[in-house]
Amino acid sequence: MIKPRPWLPTPLLSILLLAVWLLLVRSTAFGQLLLGGFLAVVIPLATHRFWDAQPHVARPWKLLRFVLRVLGDILIANIEVAWLIVNPWRRLRPHFVEYPLMLEDRFTITLLANTISLTPGTVSANLRLDGRTLLIHALDVEDEEALIAHIRERYERPLKEIYEC
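Quantities reported herein were computed from a predicted structural model and do not represent experimental measurements.

Once that is clear, we can look at the pattern of salt bridges. Enumeration over the complete set of coordinates arrives at seven salt bridges. Asp140 is paired through a salt bridge with Arg93; the nearest N and O atoms lie 3.1 Å apart. Here Arg93 lies in the loop between helix H3 (60–86) and strand E1 (95–100) and Asp140 lies in the loop between strand E3 (133–138) and helix H5 (144–163), a separation of 47 residues in the sequence. The class for Arg93 is partly exposed, based on a relative accessible area of 32%. One salt bridge connects Arg128 with Glu98, and the closest N-O pair in it is separated by 2.3 Å. Residue Arg128 is located in the loop between strand E2 (122–127) and E3, and its partner Glu98 is located in strand E1; the two are separated by 30 residues in the primary sequence. We classify Arg128 as partly exposed; its relative accessible area is 30%. Among the charged side chains, a network of salt bridges with common partners joins Arg93, Asp140 and Glu142.

Looking at chain direction, E2 and E3 are connected through five bridges and run antiparallel. Across the sheet, the residue bridging to Leu127 is Leu134, located in E3. Between E2 and the antiparallel strand that follows it, E3, lie five residues; Gly131 among them carries a positive phi value of about 75 degrees.

This part is about the nonpolar core. Core analysis: the largest hydrophobic core is formed by 22 residues, its most contacted members being Tyr99, Leu112, Leu134 and Ile151. Among the elements of the structure, H3, E1, helix H4 (106–118), E3 and H5 are those that each provide at least two residues to this core. When residues in this core are grouped by element, the largest group, seven residues, is from H5.

Its location among the elements puts Ile116 in helix H4. We classify Ile116 as buried; its relative accessible area is 1%. On a C-alpha basis, the gap between Ile116 and Pro11 in space is 30 Å, while along the polypeptide they are 105 residues apart. Contacts of Ile116, omitting those with residues within four sequence positions, involve Thr122, Val123, Ser124, Leu134, Ile136 and Ile151.

The next subject is the packing of aromatic side chains. Two numbers describe a pair of aromatic rings. These are the distance of the centres and the angle of the planes. Using the criterion set out here, one finds two aromatic pairs in the structure. A ring pair is formed by Phe66 and Tyr155, whose centres lie 6.4 Å apart and whose planes are at 90 degrees; its orientation type is edge-to-face. Here the residue Phe66 occupies a position in helix H3, and Tyr155 occupies one in helix H5, the gap between them amounting to 89 residues. The class for Phe66 is buried, based on a relative accessible area of 7%. Between Phe107 and Tyr163 the ring centres are 5.3 Å apart and the planes differ by 80 degrees, which places this aromatic pair in the edge-to-face class. Of the two residues, Phe107 is situated in helix H4 and Tyr163 in helix H5; the sequence distance between them amounts to 56 residues. Judged by its relative accessible area of 34%, Phe107 falls in the partly exposed class. Here Tyr163 falls in the buried class, since its relative accessible area comes to 17%.

Conventions used here
Residues numbered from 1 in each chain as written. Predicted model: local features only at pLDDT ≥ 70, side-chain atom pairs only at ≥ 80, totals over all residues. Heavy atoms only, no water. Salt bridge = Lys/Arg side-chain N within 4 Å of Asp/Glu carboxyl O. Helix = DSSP H or I, 4+ residues; strand = E, 2+ residues; numbered from the N terminus. Buried < 20%, exposed > 50% of the residue type's maximum accessible area, 1.4 Å probe, protein only. Pairing = 2+ DSSP bridges. Core = buried A, V, L, I, M, F, W, Y, C linked by side-chain atoms within 4.5 Å. Contact = heavy atoms within 4.5 Å. Phe/Tyr/Trp six-rings, centres within 6.5 Å; stacked < 30°, edge-to-face > 60°.

Shown next, in the form of structure tokens:
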């Protein structure tokens, strides 16, 4: 792993910025490498004070398992939503659900909200000002408590284990 330096606070971001720059200009000429390298150093230096602290991953293997679970759930939810769309005789039951959060860290709450929004059929609509409740809209809700339990077990508990334990 590349270690951060005072003049290079996020080395991986700098490498990514340089690669994106070279892809955008579609050239590896010396001038483009020089300009891209300059931007790759200056942009993180100018913006790093606005970033939150990088989260510590307590259990990286659980993070990998979580990512694979989310990808599988996205695939399954796509199929379920497509089935709801092609069945016009089925009545949808859209519903807003107040989801009580166990998570406390802003980063993990953001990850949970994004995970919910990535899964077709659900979207995170609002985080209450107190940071304790997430408003979720679901396309087809049969049982509100079952939806809350599903999100808690599939997404929130693993995130809490990965980042907040």
